[in-house]
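Structural description and commentary
Now for the letters of each chain:
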Amino acid sequence: MAFALNTYPVTYRSKFSDGKWSGEYLEKPHKTPEEEAAMNDNERKALESSRNCYDDMPLVNYTSQYGLACFEGLKAFPQKNDSLAIFRPDRNAVRFARSMEGLQMPPFPQELFVNACIETVKRNAALGFLTRYKNEWEKDSFMTADSIYIRPFTISEGGIGVNLSSEPYVMVINTPVSSYFSSCSSDAVVTDRIRATPNGTGWIKACSNYVISALAKSEALSAGYMECVFLDATHRSYIEEGSSCNIFFYLKSGELATPELSDTILPGITRESIICLARDKGLKVSERKISIDEALEETRECFVSGTAAGATPICSLTYHGKKAQFNGGKTGELTSDIRDTIKGIQYGKLPDTKGWMVTIA
Ligand SMILES: *Cc1c(COP(=O)(O)O)cnc(C)c1O
């Protein structure tokens, strides 16, 4: 179930009109989780697709016609004491509002955002739709652990001419998710495609940005790689991001470097958290330009970061046929340490000294 479309029944929908947001929780068709598990595949698919239908929403709109929309992705993690806790929803709330402003939509209030994330998870859990903590996850440092994915997103009001959205919908759906990358370690390739350009929308979690990412990722997979890496649009020489994750290089000098934020880089919350955790560990962390040459020559370990990826090792990087392997192709010590620390905090195995986890009562 790496990332299947199997949404839980309760969703949230808010609409901006007459200068205000009005939200509601919708309980889409469902049975009990046990009854659903016992259904045959066709029956279950029919039920699940009925949960993905909203007859009272406009199909022709600026999102479906022109890709005008943004989204968020965050997770609720099952805790050992059987509660659920969300990782840093306040940070996603800030970014969502900024993304909407960047697309010249009325921003969704941060408090409503956090509340809708908590409340959808809580209401789904009350119906039995949740994942519970398993002790066996601790054996591989939560590499194969499940969680609940929370996906807030915008959809525009109906419209056909090229236009901006002044009365968008904000939706929040939940879906179960397991680990994102199928292997623990991956070969990456530098793509010639350009994800984001200066003065563009790269810093916004905009749906339209993902067209290039999906094309580049699919080309990388066909060529036998697990991930692609983008270079900057202007010089074609500085590292920017992975397909949908930020990227870190642990250099031979002992410095942990990640590309500095700009309007072509998505400010990841995992990125921000890893920078903080690594500094706490006493590492020298820098946010700066990293050329592809430096990355190929000076890297000891490399990993990508994101809500879906966590911290996932990149074991080699290939650029125009030249391949650099890192740490003998194995997951490095620092990468494992960072991954264990962040997962440990998220699943409640390590103390949450930063106050990052929001427990759902
Ligand atoms: C969402 C996203 C990330 C990771 O952000 P997180 O907040 O860590 O999940 C990185 N790059 C891109 C392009 C993204 O869309």
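Look up a bit, the structure's there.
Residues numbered from 1 in each chain as written. Predicted model: local features only at pLDDT ≥ 70, side-chain atom pairs only at ≥ 80, totals over all residues. Heavy atoms only, no water.

Description of the layout of surface pockets
Filter applied, for reference: The method works on a 1 Å grid over the protein atoms by themselves. A cavity is a set of points holding a 1.4 Å probe that cannot get out, a pocket is an open set with protein on both sides within 12 Å along at least five of seven lines, and residues with an atom within 4 Å of a point line them. Grid points are joined across faces, edges and corners, and a volume is the space filled by probe spheres set on the points. The numbering of helices and of strands both runs from the N terminus, where a helix is a DSSP run of H or I of at least 4 residues and a strand a run of E of at least 2.
The space that makes up the largest pocket amounts to roughly 590 Å³. Taken together, 38 residues make up the lining of the largest pocket; nearest its centre are K205, S244, G306, T307 and A308. Looking at the lining of the largest pocket, the elements with two or more residues in it are β3 (74-78), α4 (89-102), β5 (147-155), α6 (209-222), β9 (239-242), α7 (269-280), β13 (299-306) and α9 (333-346).

Topic: the pairing of strand β14 (residues 310-319)
Every other side chain in a regular strand lies on the same face of the sheet, so the side chains alternate between the two faces. Basically, it comes down to this: For each residue, the accessible area found with a 1.4 Å probe, counting protein chains only, is set against the maximum for its type, and the residue is called buried under 20%, exposed over 50%, and partly exposed in between. Strands pair, by our definition, only if DSSP identifies at least two bridges between them.
For β14, the tally of buried residues reaches 10 of 10 residues, placing the bulk of the element in the interior. Two strands pair when backbone bridges link them, and strand β7 (residues 186-190) and β14 are joined in this way by 4 bridges, in the parallel orientation. Paired with S186 across the bridge in β14 is I314. When β13 meets β14, the two strands line up antiparallel, connected through 5 bridges. Within β14, the residue paired with V304 across the bridge is T312. The hairpin turn running from β13 into β14, its antiparallel successor, is 3 residues long. Strand direction decides the pairing type here: β14 and strand β15 (residues 322-325), joined by 4 bridges, are antiparallel.

Brief notes about the pattern of salt bridges
Worth spelling out the cut-off: For salt bridges, the criterion is a side-chain nitrogen of Lys or Arg within 4 Å of an Asp or Glu carboxyl oxygen.
Taken as a whole and judged by the stated rule, the model has 19 salt bridges. In this structure, R44 and D41 form a salt bridge, with 3.5 Å as the shortest nitrogen-oxygen distance. Here R44 pairs with D41, and both are found in helix α2 (residues 41-51), just 3 residues apart, close to one helical turn. When its relative accessible area of 23% is taken as the criterion, R44 is described as partly exposed. For R88, the salt bridge is made with E272, and the minimal N-O distance between the two is 3.3 Å. Taken together, the residues span a long stretch of sequence, with R88 in the loop between β4 (84-87) and α4 and E272 in helix α7 at a distance of 184 residues.

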